[in-house]
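Spelled out from the first residue to the last, the chains are:
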Amino acid sequence: QVQLVESGGGSVQAGGSLRLSCAASGYTYSVYMGWFRQAPGKEREGVAAIYTVAGSTYYADSVKGRFTISRDSAKNTVYLQMNSLKPEDTAMYYCAANKYGGDWYVRGNYHAWGQGTQVTVSS
């Protein structure tokens, strides 16, 4: 069983940057590693994912060009670099592992989740 621990959240002003980290331990096999976010009163949505086999990356339209997902296999850690942050990026951000495949943005395809890290962007 995999355990995921996120870190790196915080409060920034619009236009600022943050880097989230997700450290995986235990049985770390996955097809995708993804980042999701959930704002108050909204559904949890996929933000970005990395296909661990080939290193391909995927992004939600709302973050393309601003966010970058990457992975350090030796450290079993996935990162989400977030630049040009906007108030609408404010949410709890969750790291997740997917061992089933399928569409990267589908929550149900992920079998393990971290506890989340809060990102708050002020205008």
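Above this text is the structure in question.
Residues numbered from 1 in each chain as written. Predicted model: local features only at pLDDT ≥ 70, side-chain atom pairs only at ≥ 80, totals over all residues. Heavy atoms only, no water.

J.: Could you give an account of the state of the cysteines, with specific residues and numbers?
T.: What the rule picks out here adds up to 1 disulfide. Across the disulfide from C22 sits C95; the S-S distance is 2.0 Å. When the S-S torsion is -75°, as for the bridge of C22 with C95, the disulfide is left-handed. On the criterion of sequence distance, the pair formed by C22 in strand β3 (residues 18–26) and C95 in strand β9 (residues 91–98) is long-range, its members being 73 residues apart. (Disulfide = S-S within 2.5 Å. Helix = DSSP H or I, 4+ residues; strand = E, 2+ residues; numbered from the N terminus.)

J.: Could you give me a rundown of the packing of aromatic side chains, with the residues and numbers involved?
T.: Inspection of the entire model under this criterion finds 6 aromatic pairs. Ring centres of Y32 and Y58 lie 5.9 Å apart, and the angle between their planes is 75°; this geometry places the pair in the edge-to-face category. Pair noted here: Y32 is in strand β4 (residues 32–38) and Y58 is in strand β6 (residues 57–59), with a separation of 26 residues, a long-range link. Taking relative accessible area as the criterion, Y58 reaches 28% and is therefore assigned partly exposed. For the pair Y110 and W113, a centre-to-centre distance of 5.9 Å together with 50° between the ring planes defines the contact as tilted. (Phe/Tyr/Trp six-rings, centres within 6.5 Å; stacked < 30°, edge-to-face > 60°. Buried < 20%, exposed > 50% of the residue type's maximum accessible area, 1.4 Å probe, protein only.)

J.: Break down the pairing of strand β11 (residues 117–122) for me, citing the residues and quoting the values.
T.: With burial as the criterion, only one face of β11 is covered, namely that bearing T117, V119 and V121; the residues Q118, T120 and S122 on the opposite face remain uncovered. Where strand β2 (residues 10–13) and β11 come together, 4 bridges link them in parallel fashion. Across the sheet, G10 pairs through a bridge with V119, a residue of β11. Pairing of β9 with β11 involves 3 bridges; the strand directions are antiparallel. Each residue of the ladder has a partner; that of A91, found in β11, is V119. (Pairing = 2+ DSSP bridges.)

J.: Pulling in residues and values, what's your account of the sheet that holds strand β1 (residues 2–7)?
T.: One open sheet accounts for 4 strands, arranged β1-β3-β8-β7; its pairing is antiparallel. Two strands bound the open sheet, and with one partner strand each, they are β1 and β7 (67–72). In this sheet, neighbouring strand axes are inclined to one another by 15° on average, regardless of whether the strands run parallel or antiparallel. Two elements, β1 and β3, share 6 bridges in a ladder whose sense is antiparallel. (Axes fitted to C-alpha atoms, helices over the stretch in contact; angles between N-to-C directions.)

J.: So what about the pattern of salt bridges? Which residues, and what values?
T.: Applying the stated criterion across every chain yields a total of 4 salt bridges. In this structure, E45 and R37 form a salt bridge, with 2.7 Å as the shortest nitrogen-oxygen distance. Since its relative accessible area comes to 6%, R37 is described here as buried. Salt bridges sharing partners connect three or more residues here, namely R37, E45, R66 and D89. (Salt bridge = Lys/Arg side-chain N within 4 Å of Asp/Glu carboxyl O.)

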